[in-house]
Amino acid sequence: MLYRNLCIENSDVLKDVRVCEGIFSEIGENLLPSEGEEVVDLGGCLMLPPFIEPHIHLDSALTAGEPRWNASGTLFEGIEIWSERKKRLDKADVMARASEAIHRLAVHGVQFVRTHVDSTDPSLVAMEAILELRETLRGVVDIQVVAFPQDGIMSSPGSAQLLEQCLRMGADAVGAIPHYEFTREYSVESLNLVMKLAEKYGALVDVHCDEIDDEASRGLETLACRALESGLKSRVTASHTTAMHSYNNAYAAKLFRLLRLSEINFIANPLINTHLQGRLDTYPKRRGVTRVRELLANGNHVAFGHDDIFDPWYPLGNGQPMDVIHMGIHVTQSMGYDEIMQSYRFCTWEAAHCLNLSPTDYGIREGNAANFIILNAKHWYEALNVRAEVLLSVRNGKVIARTSPRQAECLIPWLSK
Ligand code: FE2
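Given the structure is predicted, the values throughout are model-derived calculations rather than measurements. Counting restarts for each chain: residues are numbered from 1 in the order of the written sequence. Note on the predicted model: pLDDT of at least 70 is required for a residue's local features to be given, and 80 or more for side-chain atom pairs to be given and counted; whole-chain, interface and lining totals, by contrast, use all residues. In computing side-chain properties, one takes all heavy atoms of the structure into account and sets aside hydrogens as well as water.

Caption draft 1: Quick look at the coordination of the iron ion. Sites may look incomplete because water is not among the atoms; the donors themselves are N, O and S atoms within 2.8 Å of the metal, or within 3.2 Å for Na, K and Ca. For the iron ion, every protein donor is listed as H55 (NE2), H57 (NE2), H208 (NE2) and D307 (OD), and the spread of their distances is 2.2 to 2.3 Å. Four donors are marked tetrahedral only if all angles between them lie between 85 and 135 degrees, whereas four are marked square planar and six octahedral if opposite donors are more than 155 degrees apart and the other angles lie between 65 and 115; the remainder are marked irregular. Given four donor atoms and angles of 83 to 177° at the metal, the environment of the iron ion is assigned as irregular.

Caption draft 2: Region of interest: helix α1 (residues 75-85). Note on classification: 1.4 Å probe, protein chains only; a residue is buried when its accessible area is under 20% of the maximum for its type, exposed when over 50%, partly exposed between these limits. Helical segments are the DSSP runs of H or I of at least four residues, strand segments are the runs of E of at least two, and each set is numbered from the N terminus. When we look at burial in α1, the residues that qualify are L75, E77, G78, I79, I81, W82 and R85. The contact criterion used throughout is that any non-hydrogen atoms of two residues lie within 4.5 Å. For α1, the secondary structure elements touched by its buried residues are α2 (91-107), β6 (110-118) and α8 (270-276).

Caption draft 3: Spatial organisation of the sheet that holds strand β3 (residues 23-28). Strands were regarded as paired on the criterion that DSSP finds at least two bridges between them. With mixed pairing, the seven strands of this open sheet are ordered in space as β3-β2-β1-β4-β13-β14-β15. Edge positions in the sheet fall to β3 and β15 (398-402), since each has one partner strand and no second. Each neighbouring strand pair of the sheet contributes to a mean axis angle of 35°, computed without reference to strand direction. Where strand β13 (residues 372-375) and strand β14 (residues 390-395) come together, four bridges link them in antiparallel fashion. Bridge pairing in β14 links F372 to V394. Axis lines are fitted to C-alpha atoms, over the contacting stretch for helices. Their N-to-C directions set the angle, which ranges from 0 to 180 degrees.

Caption draft 4: Structural view of the nonpolar core. By convention a nonpolar core is built from buried Ala, Val, Leu, Ile, Met, Phe, Trp, Tyr and Cys residues, the set being connected through side-chain atoms within 4.5 Å. Membership of the largest hydrophobic core comes to 111 residues, with the highest contact counts inside it found for L259 and W380. Among the elements that make up this core, the one with the highest residue count is helix α3 (residues 125-137) (eight residues). If we skip the residues at most four places from it in the chain, L259 touches L220, A224, M244, I264, F266, L295, N298 and N300. Membership of the second largest hydrophobic core comes to 16 residues, among which are Y3, F24, L391 and V394.

Caption draft 5: Inspection of the sheet that holds strand β7 (residues 142-148) at higher detail. The strand order across the open sheet formed by eight strands is β5-β6-β7-β8-β9-β10-β11-β12, and the pairing between neighbours is parallel. The two strands at the open ends of the sheet, each matched to only one other strand, are β5 (51-56) and β12 (302-304). Direction of pairing for strand β11 (residues 265-268) relative to β12: parallel, over a ladder of three bridges. Each bridged residue has a counterpart across the sheet, and for F266 the counterpart in β12 is V302. Together, β8 (173-174), β9 (204-209) and β10 (236-240) form the strand contacts of helix α5 (residues 184-201), whose direction differs from that of β9 by roughly 160°.

Caption draft 6: Structural context of the side chain of H240. One can find H240 in strand β10. Overall, H240 belongs to the buried group, its relative accessible area being 1%. Polar contact criterion, stated in full: a pair of N or O atoms within 3.5 Å, where within protein one must be able to donate a hydrogen and the other to accept it, and residues adjacent in sequence count only if both atoms are side-chain atoms. Within the structure, H240 has its side chain in polar contact with the side chain of N273 (distance 2.8 Å). Here H240 is in contact with H55, H208, C209, E211, I267, N269, I272, N273, T290 and D307, once residues within four sequence places are set aside.

Quick look at the structure:
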């Protein structure tokens, strides 16, 4: 199969891409079709590596309003509502909602997902369901599963045992929630335990870290220090880190040296953290999103995720990564021309680093698996601005999702084209 006339990741020169047996076999200019080869002319459309959803909660997706709506709009009311809803989870319920959420992501060009799954429900039925879904979709939409102790580890009896049980069941990564633990001591203890479990099971680490507006919430320094000392480094991700928004600059400057040395990754969730944070502020109200530009300048990788789709923490969401990026660059004031042009990287390359994806699975390079998306735009700036359709999402050479271009017609005579 020969795909012709592609703008690969905003390149100035259009290229052709040959896909053979699920692999990028040749990339170059003016490639000639071989005899009988199928040719698709994409007329200068943008080609990117697939979108990645690096932080989502598939187990709670599509439960907003059950059993009640989050009236305060806070993280903590969301946790209370979820603790009621999760009592009536069963495998079919989780599977149906998670599948629908993945469907929404897939039609928007997502091929890799990292999901957190609550490990504090003693039945572990959600974990069982999502692990099964992971196997069903492997090689089409790859799912990494994080065992996530929503109610805390040290502050929730039995949680540490359940967390380890999830790793034995096959979870890919282990999480924590240090800002939700009863005390600072429990917060540190929980992170120490998580790092030990990661080493024991060879798991990745992704911590809900300091998702609070409290400037004294400093789980991050512990996490980064342990990542550095254990050598786990870039296998460790700190999600949210919204307290960093409120750190005093003297502390942040000291912290950033450790963050650089630790090489840990960050995931910001701009849709939900602009919604949840600052809720106890009067005015001014804090934006509550972590220091994205500064972290990137510091050499750390930073990705953007949805976090939630229509659940107790976020009442909207349709799985469109461009919505996440759009909000993210606004709230972090990353809207210089080059910053907009490069912003696709938050849900592609930066996320690939967070997920520790294999370099042969990801990236438009000869010899790599033919995983890519085609957007109905000439470059990313236009794609983001008009929410260009993902015309094709191709995994291992096979089309797994496609969208036809929208047709809109203006009937005002002097404006019609
Ligand atoms: Fe989350």
